[in-house]
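Inside the fold
Now for the letters of each chain:
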Amino acid sequence: MFEAERVPAGRALQIVQGARAVADAELVSGGAGSPTSELEVERRSADELGRALAGRTQELWRVGLRWTATGPSRARAEGERLRLSERLASLGFRTRVPRYEVAEALAAPAQRAVRRPSGYWQTLTTDGLAALYPFGDETVLEPGGVLVGLSLSDASPVFLDRWSQASHSWGLFGTTGAGKSFAAALTLLRTRWLRPGTELVVLDPLGEYSTLVRALGGAVVRLREPEAGRLNPLDPATTGGDRREKAGRVVTMLRALWPSLKDEEAAALDTAVSRLYDRAGPEPTLGALLDELSRGGAGAGRLPAMLEVFRSGSLRGADGPTTLRVDNPTVAVDLSGLPDEQLPFHLAYVLDWTYHRLSARPGPKLVLLDEAHLLARHEGTTEFLDRAVRHLRHFDAGLLLITQDPDDLLATSSGRSVLRNLSAVAFLRLAEVSEACRTFFGLTTTEAEWLTKARLPTDAGYAESLWRIGAWHLPLAVVASTPEYELLSSALRGEPPPVPGPSPAPGSRGL
Ligand SMILES: Nc1ncnc2c1ncn2[C@@H]1O[C@H](COP(=O)(O)OP(=O)(O)OP(=O)(O)O)[C@@H](O)[C@H]1O
Ligand SMILES: [Mg+2]
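What you see is a predicted model, and the numbers here were worked out from it, not measured in a lab.

Structural notes on the site of ligand 1
- Neighbouring residues of ligand 1: 15 residues in total, closest T176, G177, K180, F182 and V478.
- Note that an oxygen atom of ligand 1 is positioned 2.9 Å from one of the side-chain N or O atoms of S181.
- Contact between ligand 1 and F182: an oxygen atom at 2.8 Å from a main-chain N or O atom of the residue.
- Taken by itself ligand 1 offers 640 Å² of open surface, and the protein chains cover 81% of this.

Quick word on helix α6 (residues 180–194)
- The terminal C-alpha atoms of α6, which comprises 15 residues, lie 21 Å apart, in line with the 21 Å expected from a rise of 1.5 Å per residue.
- Within α6, 12 of the 15 residues are buried, leaving the element largely enclosed by the surrounding structure.
- When α6 is considered as a whole, its buried residues turn out to be K180, S181, A183, A184, A185, L186, T187, L188, L189, R190, T191 and R192.

What about the packing of helix α9 (residues 263–278) against helix α10 (residues 286–296)?
- Where α9 contacts α10, the axes come no closer than 9 Å and their chain directions differ by 120°. For the element pair α9 and α10, the recorded crossing hand is right-handed. Contact residues: α9 offers A268, L269, A272, V273, R275 and L276, while α10 offers A288, L289, E292, L293 and G296.

Re the environment of Q165
- Take Q165: it is sitting in the loop between β5 (157–160) and β6 (170–173).
- Overall, the relative accessible area of 11% leaves Q165 in the buried class.
- In this structure, the C-alpha to C-alpha distance between Q165 and I469, residues 304 residues apart in sequence, is 10.0 Å.
- Residues in contact with Q165, not counting those within four places in the same chain, are E142, L160, W170 and S423.
- One polar contact links Q165 to W170, side chain to side chain, over a distance of 3.1 Å.
- Of the polar contacts made by the side chain of Q165, one reaches the side chain of S423; its length is 2.8 Å.

Looking at the side chain of H168
- Structurally, H168 is set in the loop between β5 and β6.
- Given the relative accessible area of 8%, H168 is considered buried.
- Only 3.1 Å separates the side chain of H168 from the backbone oxygen of Q165, close enough to count as a polar contact.
- Once you skip the residues sitting within four places of it in the chain, H168 turns out to touch R162, W163, R393, D396, A397, G398 and L399.

Overview of the environment of F427
- Within the secondary structure, F427 is located in strand β12 (residues 424–427).
- We classify F427 as buried; its relative accessible area is 0%.
- It is 36 Å that separates the C-alpha atoms of F427 and L324, two residues lying 103 residues apart in sequence.
- Setting aside residues up to four positions removed in sequence, F427 forms contacts with F173, P406, C437, F441, L443, L451, E464, S465 and L466.

Notes on the pairing of strand β2 (residues 60–65)
- Looking at chain direction, strand β1 (residues 2–6) and β2 are connected through 5 bridges and run antiparallel. Looking across to β2, one finds that E5 is bridged to R62.
- The sheet contact formed by β2 and strand β3 (residues 122–125) spans 4 bridges and is antiparallel. Bridged to L60 within β3 is T125.

Some details on the layout of surface pockets
- As a volume, the second largest pocket reaches approximately 1100 Å³.
- The wall of the second largest pocket is formed by 32 residues, among which L65, R66, W67, R96 and P98 lie closest to the centre.
- For the lining of the second largest pocket, the secondary-structure elements that each account for two or more residues are β2, α3 (74–90), α4 (102–106) and β3.
- Looking at which element gives the most residues to the lining of the second largest pocket, the answer is α3, with 7 residues.
- When its residues are assigned to classes, the lining of the second largest pocket shows 17 nonpolar, 8 polar and 7 charged.

As for the sheet that holds β2
- Read across the sheet, 3 strands follow the order β1-β2-β3 without closing on themselves; strand pairing throughout is antiparallel. Edge positions in the sheet fall to β1 and β3, since each of these pairs with one other strand and no more. Put simply, the sheet's adjacent strands are angled 35° from each other on average, direction ignored.

Quick notes on the sheet that holds strand β9 (residues 330–334)
- The sheet built from 11 strands is open, its strands ordered β5-β4-β14-β13-β12-β6-β11-β10-β7-β9-β8 with mixed pairing. Edge positions in the open sheet fall to β5 and β8 (219–222), since each of these has one partner strand only. Within the sheet, the average angular offset between the axes of one strand and its neighbour, ignoring direction, is 25°.
- Sheet topology note: the β6/β12 ladder contains 4 bridges and is parallel. Bridge assignment links W170 to a residue of β12, and that residue is A424.

What counts, and at which threshold
- Residues numbered from 1 in each chain as written.
- Chains lettered and ligands numbered in written order.
- Predicted model: local features only at pLDDT ≥ 70, side-chain atom pairs only at ≥ 80, totals over all residues.
- Heavy atoms only, no water.
- Near = heavy atom within 4 Å.
- Polar contact = N/O pair within 3.5 Å; in protein donor to acceptor, adjacent residues only side chain to side chain.
- Areas by Shrake-Rupley, 256 points an atom, 1.4 Å probe, with all protein chains shown as cover.
- Helix = DSSP H or I, 4+ residues; strand = E, 2+ residues; numbered from the N terminus.
- Expected span 1.5 Å × (residues − 1).
- Buried < 20%, exposed > 50% of the residue type's maximum accessible area, 1.4 Å probe, protein only.
- Axes fitted to C-alpha atoms, helices over the stretch in contact; angles between N-to-C directions.
- Left-handed = near helix turned anticlockwise from the far one by under 90°.
- Contact = heavy atoms within 4.5 Å.
- Pairing = 2+ DSSP bridges.
- 1 Å grid on protein atoms, 1.4 Å probe; cavity = no way out; pocket = protein on both sides within 12 Å on 5 of 7 lines; lining within 4 Å.
- Points joined across faces, edges and corners; volume = space filled by probe spheres on them.
- Nonpolar A, V, L, I, M, F, W, Y, C, P; charged D, E, K, R; others polar.

Printed below as a string of C-alpha cells:
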C-alpha cells in the first residue's frame, strides 16, 4: 500500500527553515559530530529547497509505504517477509516490522486522522515522490537481459539475463499447445539479437526447429539420414579421451535402449564394454562391441541378437566411427522419423556429443532441449542431464529445458537435482499441478489453480505463464512482436519464413 499526503505550503516552509536553523546552529557551535562541509551542504540545500517551495516548483509530501507478506503458514509468511526486507534493503529502503502496532499498520487509509506506526511517514519532495513511480523492480529488470514477457498485472516488461545468474539454465513447462516451443524459439531469437555471437545447439526430437535454424544460417543434422555424417555413440572423444568414463556412459545409453535387460545380461554388457575400452586400438564402435560380446559368451543371453540391430537392423547407421563435423556455430540435431522407443538412446549420445562441443568452444552458448521427458524416462539418462545442467555454466553455456509435465523430473533424485539447478522456471498452462510439484516449487494453491486455467495462445494470441525466478513468482504474458510472430509461427510449422514485402508506394492505402 502506498499513501502520500501533501504538506500545506506554510508548514513545508517551516520544516525547511527549521532544518536550515539546525544546520546554522551546528555550524556556529563547531558541528556536533558532522563535518563542517556536510553542514554547509545541508544549509545550501535547505536554502535551495526553500526557494523551490516558495516558487511552487516543489512541494513537500508525507509518504508511507506498506508491504504485506502472506503465506499459507506462519513460517512461510515469515520467510516471505524476510526475503522482502532483504530485497527492499538492496533497493535502498529501510524497513521496519510494526510489532505491537499491527492495528495501526493495517488500518484502511482514511482522511488525515489515521495514526500509523512510528517511523512510517517520511517527508519527500515532489521529485523524491516522483522517483517512486513506476514501482520498477530492478531485480527482474536485468540490464542486458532478454525480454521474457509482460507483467499480467501492469504490462511492464520483464527482462532476464541468464548470463548474470549462477546457473544459465531455465526450464519451460506446459501442456500440449501451451506455447513452449514457441516461447523457447522466441528466447533463442532474442538471445541472438542481443548477443549475436551466442552459439546455439537445438536438440529437436520432433524436427520442429529445422526451418528456424536454417533461417538463422545454421546447419541441421538429421540423424535418420546417415549420409549427413555419423555420430558414433561410442566415440571416446566426447569424454575428452577418458575411456573409462565413456564406457560407463555407453552402458547407460544401451540400458536406456533396452530397459528390460536382466541383471546377468546387463553384467555381460558391462564386461564387454569395459574390455572394449580397456584395449588400446581404433575408435570403439557398436560392431566391435558385438564382436566382443560374441567372444565373451556367458551370461549374454539375448544380447548378441539385440545388438545385431546395429549391424544389419534399423540402427546400423550408428555403427562406425564419427564422421560428422559441424563447424557452424548454430546447429540443430533433428531426431524426427526415428522409432519412439529408440529416442532416449539417441538423445543420450547426442547430449554427450553436445556437452563435449560446448566444453570445447569458447564464448556464450545456449542449448535448447525439447521433449526432455525422453531423457527422464530412465534414471541413467536423467543423470546425464543432471550432470550437463550442473556443469554447463563452467563453459559459459546454458540450457533451455522443455517438457510438458514437471512431474517427469520430480520422480527421481537426479531429476529433482536438474530442477534445482534451473535459475528460472516458466510454467505455461498445466493440465494439472500435482502436490509434489506445488511443494517443490513453493506454488500457492491459488497459483496452482490458476495454472490449470492459464490462457492458451490459440485463444489469447499470447501465452499466459507464471515465472519462478529465485523467490519471485511473476505472472507474465509471453508476447511476440508482429515480425517475431510471423517468422516463428511459419518456421515452426516448417514453412519458409515470410519475405518482408516492399514498403507501400506513396499515396497507396496502407493501414
Ligand atoms: N506466445 C505466443 N504468441 C502467439 N502464438 C503462440 C504463442 N505461443 C504459441 N503460439 C502458437 O500456439 C501454437 C502452439 O504452440 P507450441 O507449438 O509452442 O506449443 P507447445 O507447448 O510446444 O506444444 P507441444 O507440447 O504439443 O509441443 C502454435 O501454433 C504457436 O504458433
Ligand atoms: Mg512443442
